[in-house]
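# Structural features, examined
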2 protein chains.
Amino acid sequence: MPMTPAALEARLAASLRSEDARGLAGVIDEAAPYDVFEALREWPSASVGDLLLLLPPPKRPLLFAYLQEDMQDAVLLTLPRDAVVDLFERLPSDDRADVFKRLDEPSRAKLLPALAQVEREDILRLAAYPEESVGSITTSDYATVSVAMLAGEALDAVRVSAPDKETIYVLYVLDEGRRLLGTVSLRDLVLAPPHTRVEDLMHREPVFAQADWPRARAAGLIRHYDLLALPVLGADNQVVGIVTVDDAMRVEQDEATDDILRVGAVQPGGRGRLDPARLSLRHASVFQLFRMRVFWLVLLVFGNLLSGAGIAYYEDTVAAYIALVFFLPLLIGSGGNAGSQAATLMVRALATGDVVARDWVRMLGREFLVASLLGVAMAVAVSGIGFVRGGPEIAGVVSISMVLIVVVGSLIGMCLPFLLSKLRFDPATASAPLVTSIADAVGVILYLSIAVLVLGEPQPA
Amino acid sequence: MPMTPAALEARLAASLRSEDARGLAGVIDEAAPYDVFEALREWPSASVGDLLLLLPPPKRPLLFAYLQEDMQDAVLLTLPRDAVVDLFERLPSDDRADVFKRLDEPSRAKLLPALAQVEREDILRLAAYPEESVGSITTSDYATVSVAMLAGEALDAVRVSAPDKETIYVLYVLDEGRRLLGTVSLRDLVLAPPHTRVEDLMHREPVFAQADWPRARAAGLIRHYDLLALPVLGADNQVVGIVTVDDAMRVEQDEATDDILRVGAVQPGGRGRLDPARLSLRHASVFQLFRMRVFWLVLLVFGNLLSGAGIAYYEDTVAAYIALVFFLPLLIGSGGNAGSQAATLMVRALATGDVVARDWVRMLGREFLVASLLGVAMAVAVSGIGFVRGGPEIAGVVSISMVLIVVVGSLIGMCLPFLLSKLRFDPATASAPLVTSIADAVGVILYLSIAVLVLGEPQPA
């Protein structure tokens, strides 16, 4: 098992103190990337810079690629320009484009002319894709073989070209126009007799992604189709690069975290989101946390004021039948809870592709049935208490209100994500918090208008 | 790009009608597993059984492994016993153990004696691990090489043993006692000169999992360390098998879905959970949906009654100052919202390992600061409305209550997951819904007791 981050940190510190370059290279080779990230998380950037310079240049990208983003940016500022240029030329192409995107304009202007033309073009192409697109997680370090090769020749070609590729387990077959003819797995190349033709081994209709798709879609394809890597095509259908399974796992983890935070009424950040490898809850500042939470809290204040307005409208009824107040939190809460359940299920189903927009009507009918059952179950649970606290009339008002509120709340929760997705907004914006406050307000109005109907208008005082 | 599920379904149906075994085998070879699953999802099990029997036996596991669980179980009942035995011997070892676990006792008793001894032992060993453990997603179809081999010999050995292994991209080096000496990647074997010794190529301290760990932990290791497969050790430190990256991705997707549902007050099922590859929201029955949702809804009814009880205790105050009711949903809701935010952040951070139990005190201090800032921001947002609707005294009561309620709600939300995790419960049980109802009740009591303090005891009517 690899060392703990604490043990690793101690060894890194010892190597730095004794300037033991060979020892350090050994530690970096053996250590797992995530542990390096953990071990160095709280070091000053200048010390991490010194550590990086102590390493022989070919080992530096290994260490650099797994630092936290903030740390990477800070470390770059401490390095001499030659070392920065050398590091850039050695970084994996997707990481390189990521780092480049975060540089300010003067730093970019200083760096670009110093790079070789190939790297320069690669950086500019990949850095042009927006943050959440497939292009932003695409690497151009993929290995190709020619369609005319035999399996044995292809293996030899891989041996020559592989050392700096991110994966060689899937090889890409392109035509002269860089269009994708097919893919062949290293497994098939190794297992096939050496004189088999690549043409006969390759998959001719591989799954692919377009560079401008949302990155979550590429990650989902990799999961659904059990892929190790997915080819990425540009606007002209030329191959831009590949997305590898490890990046896909990180994307899905990020997206899931975002969805969970939205259900919990926390606003996930765009960059520097709450992902252990980027922004850690443990290390987030008070202000970062405040910013993630204040948006929904204040928005929901105004949502809750809607409920207050509903109450104000029926103030005389409430004053006349004060026993109604006892059930107010219950009835409001139940509509909101049922609505947030329905919204959560629907947002998740839309996100995983289980449900698509045209299933809408069918889902609506079933949601109505489910919500009615739920409403009846809950009405039964509270009718006894209604009877004890307010007599048969209050029990009736509370039970009828409960059924209606749960049904209406559920339907709101179910429809809102669909509606947002039709309007081309992210359905996840509609998840629990928003639905809760709408369903709450509707609940107040239903409850108190049913009370007026059953109990009669209050007498003027 | 692969065919759509609809086109695939049409081709499968056509092959079945014309009994075109070769055509069918071609379709199955080309099709992506997930599409097969989609295409056959609504077929009667007898037709899927016929389709399976039409395939040559070596192709059958390919089709079978990607059917929905319910479908697999139903199809098995339609097959002749010989075909079942043959299928079992050909299935990947983790899928085989999964299917076996779902059989009833008589079916197991009929099947087991017919299997070869090796398969029998493998099934019994893997099926013994509980549902959510690493062992339950472990496959014993891994490839080994000997420590004494040269790279070229190891490649030859892989060529002989590979065709039925789940992955050959990571090879395992074991000693005579089946203990793990190290791992070597196919990449290194292919790239190394053929006379390099495996001993010099292998990683000696590979990351591993224990079979009785929770499966999410193995999936997390695969993500953190960018692995394609993770070796799994049994109680005696012998190698039991491996977990592959595609299974790890499914596990993380499942776990994220569970967490999201819990935040949204939906109870995820144990088996047949809401995962597109298992139970689809689109295909779930009304009763299944009812069962997933009723638990929390009814539980929260009783939570909300706590708030009602708080109101009942202060009924005279409420009756005397009816303007207080206007702000009741707002103040209750805000405590719940702030609490559910804090709980969501903490549960996620505990789940991803970002925060551990001993960070508790440090997190508490910062949460206090963040919540105070949030409370002040929200108090500012509502004080004006308080002034307009109820005058300066009500504005004061509402503002002071808001700050206190947000702070107390947040602290409850933060502490509950820690507390549950210390008591060795799953912290996710404490997420939003439970915290909301506790924070709601505390909010009522704080609000109304502050009102009594500021406005004075109501005069007896």
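Take the sheet that holds strand S4 (residues 209-210) of chain B next. Residue and element names in this part refer to chain B. Read from one edge of the open sheet, three strands run S4-S5-S6, paired in mixed fashion. Two strands in the sheet have a free side with no partner beyond their single neighbour: S4 and strand S6 (239-244). On top of the sheet, helix H14 (residues 215-224) reaches S4, strand S5 (229-233) and S6; it is set at about 140° to S5, its chief contact.

Moving on to helix H15 (residues 245-263) of chain A. The α-helix winds at 3.6 residues per turn, so residues separated by three or four positions along the chain end up facing the same way. All names here are of chain A. If you check H15, its first and last C-alpha atoms are 27 Å apart, about what 19 residues at 1.5 Å a residue would give, namely 27 Å. Of all 19 residues that make up H15, 17 are buried, and the element is covered over most of its length. After H15 finishes, the residue alanine 265 shows a positive phi value of roughly 65°.

Right, let's get into the interface of chain B and chain A. In this complex, chain B contributes 119 residues to the contact, which on the side of chain A involves 119 residues. A buried area of about 11000 Å², summed over both sides, lies between chain B and chain A, and 68% of it is on carbon and sulfur atoms. Taken together, the connections running from chain B to chain A amount to six salt bridges. Measuring nitrogen to oxygen at the nearest pair gives 2.7 Å for the salt bridge that ties aspartate 226 of chain B to arginine 250 of chain A. The tally of links from chain B across to chain A stands at 22 residue pairs in polar contact (both at pLDDT 80 or more).

Attention now goes to the packing of aromatic side chains. Considering all chains together, one arrives at 11 aromatic pairs over all chains under this definition. Considering the side-chain rings of tyrosine 142 of chain A and tyrosine 172 of chain A, the 5.8 Å spacing of their centres and the 85° angle between planes classify their relative orientation as edge-to-face. Separated by 30 residues along the polypeptide, tyrosine 142 of chain A in strand S1 (residues 142-145) and tyrosine 172 of chain A in strand S2 (residues 167-174) bring together distant segments of the chain. Judged on exposure class, the residue tyrosine 142 of chain A and its partner tyrosine 172 of chain A are both buried. With a centroid separation of 4.8 Å and 80° between ring planes, the pair formed by phenylalanine 326 of chain B and phenylalanine 327 of chain B is classed as edge-to-face.

Below, the discussion takes up empty space enclosed by the protein. A full pass over the atoms with the stated rule returns seven cavities of 30 Å³ or more. The calculated volume of the largest cavity comes to roughly 500 Å³. Lining the largest cavity are 34 residues, with Asn337, Thr436 and Asp440 of chain A together with Asn337 and Thr436 of chain B sitting closest to its centre. Breaking the lining of the largest cavity down by element, the ones donating at least two residues are helix H16 (286-313), helix H18 (323-351) and helix H20 (432-455) of chain A together with helix H16 (286-313), helix H18 (323-352) and helix H20 (432-455) of chain B. For the lining of the largest cavity, the residue count by class is 16 nonpolar, 16 polar and two charged.

Placing chain B over chain A gives an RMSD of 0.1 Å and needs a rotation angle of 180°, together with 0.0 Å of translation along the axis. What we have between these two chains is a two-fold relation. Every residue of chain B has its C-alpha some distance from the rotation axis, and the shortest such distance is that of isoleucine 260 of chain B, at 2.5 Å. Counting the interface residues of chain B, we find that 98% of their copies in chain A are interface residues as well, pointing to one common contact surface.

Take a nonpolar patch on the surface next. All names here are of chain A. Judged by side-chain polarity, Ile400, Leu404, Leu453 and Val454 come together as a nonpolar surface patch covering roughly 370 Å² of accessible area. Put simply, the parts of the chain that give the nonpolar patch at least two residues each are helix H19 (360-422) and H20. Considering the arrangement of structural elements, one finds valine 454 in helix H20. Valine 454 sits in the partly exposed class, given a relative accessible area of 37%.

Okay, the sheet that holds strand S4 (residues 209-210) of chain A next. One key point about sheets: their strands pair by backbone hydrogen bonds, in either a parallel or an antiparallel sense. If you walk across this open sheet you meet the three strands as S4-S5-S6 (chain A), and the pairing is mixed. In this open sheet, the two strands that pair with only one neighbour each are S4 and strand S6 (239-244) of chain A.

Now for the pairing of strand S5 (residues 229-233) of chain A. Residue and element names in this part refer to chain A. The buried fraction of S5 is high, at five of five residues. The alternating pattern of S5 places Ala229, Pro231 and Leu233 and Leu230 and Val232 on opposite faces, both of which are buried. The sheet contact formed by S4 and S5 spans two bridges and is parallel. When the sheet's bridge partners are listed, glutamine 210 is paired in S5 with leucine 233.

To continue, consider the environment of serine 307 of chain B. Looking at the element boundaries, serine 307 of chain B is found in helix H16. Given the relative accessible area of 1%, serine 307 of chain B is considered buried. A C-alpha to C-alpha distance of 6.1 Å links serine 307 of chain B and valine 444 of chain B, two positions 137 residues apart in sequence. In this view, serine 307 of chain B contacts Pro329 of chain A together with Asp440, Ala441 and Val444 of chain B; residues no more than four positions away in its chain are not counted.

So, on to the confidence of the model for chain A. Residue and element names in this part refer to chain A. For chain A, mean pLDDT is 84; residues scoring 70 or higher make up 94% of the total. Confidence, expressed as mean pLDDT per element, reaches its minimum in chain A at helix H3 (residues 33-40) with 75 and its maximum at S5 with 95. Every residue in residues 270-277 is under pLDDT 50, and counting partners more than four places away or in other chains gives 25 contacts. Here the predicted complex carries an ipTM of 0.79, next to a pTM of 0.80.

Cut-offs and rules
- By convention here, each chain's residues receive numbers from 1 onward along its written sequence.
- Just so you know, chain letters begin at A and ligand numbers begin at 1, following the order they were written in.
- Local features are withheld for residues below a pLDDT of 70 in this predicted model, meaning they are given only at 70 or higher, and side-chain atom pairs are given and counted only at 80 or more; totals for whole chains, interfaces and linings count all residues.
- Heavy atoms throughout the structure, all of them, feed into the side-chain values; hydrogens and water do not.
- When DSSP finds at least two bridges between two strands, those strands are taken to pair.
- Helix and strand definitions here come from DSSP, where helices need a minimum of 4 consecutive H or I residues and strands a minimum of 2 consecutive E residues; each element is numbered from the N-terminal end.
- The contact criterion used is simple: two residues touch if any of their non-hydrogen atoms lie within 4.5 Å.
- In this analysis, axes come from line fits to C-alpha atoms, helices being fitted only over the stretch in contact, and the angle between any two N-to-C directions falls in the range 0 to 180 degrees.
- Expected helix span is taken as 1.5 Å per residue step, with the number of steps being one fewer than the number of residues.
- Relative accessibility decides the category of a residue: with a 1.4 Å probe and only protein chains considered, values under 20% of the type maximum give buried, values over 50% give exposed, and everything between is partly exposed.
- Accessible-area loss on putting two parts together, using a 1.4 Å probe and summing over both, is the definition of buried area adopted here.
- Throughout this description, the term salt bridge denotes a Lys or Arg side-chain nitrogen within 4 Å of a carboxyl oxygen of Asp or Glu.
- Polar contacts, as used here, are pairs of N or O atoms within 3.5 Å; protein pairs need one atom able to donate a hydrogen and one able to accept it. Residues neighboring in sequence count only if both atoms are side-chain atoms.
- Pairs were defined over the aromatic rings of Phe, Tyr and Trp, the Trp ring being its six-membered one, requiring ring centres within 6.5 Å. Orientation was assigned from the angle between planes: stacked under 30 degrees, edge-to-face over 60, tilted for the rest.
- A pocket here means an open set of points on a 1 Å grid, computed over the protein atoms alone, that has protein on both sides within 12 Å along at least five of seven lines. A cavity is instead a set of points where a 1.4 Å probe fits but cannot get out; residues with an atom within 4 Å of a point line either one.
- Grid points are joined across faces, edges and corners, and a volume is the space filled by probe spheres set on the points.
- Residue type decides the class: Asp, Glu, Lys and Arg count as charged, Ala, Val, Leu, Ile, Met, Phe, Trp, Tyr, Cys and Pro as nonpolar, and the leftover types, Gly among them, as polar.
- The least-squares superposition of copies is restricted to C-alpha atoms, and to residues with a pLDDT of at least 70 in both copies.
- Each patch is built from residues lacking any salt bridge and having more than 30% relative accessible area; the joining distance is 9 Å for like charges and 5 Å for nonpolar side chains (Val, Leu, Ile, Met, Phe, Trp, Tyr).
- Note on areas: Shrake-Rupley, 1.4 Å probe, and residue coverage restricted to the protein chains presented here.
- In predicted models, pLDDT denotes the confidence assigned by the predictor to each residue on a 0 to 100 scale.

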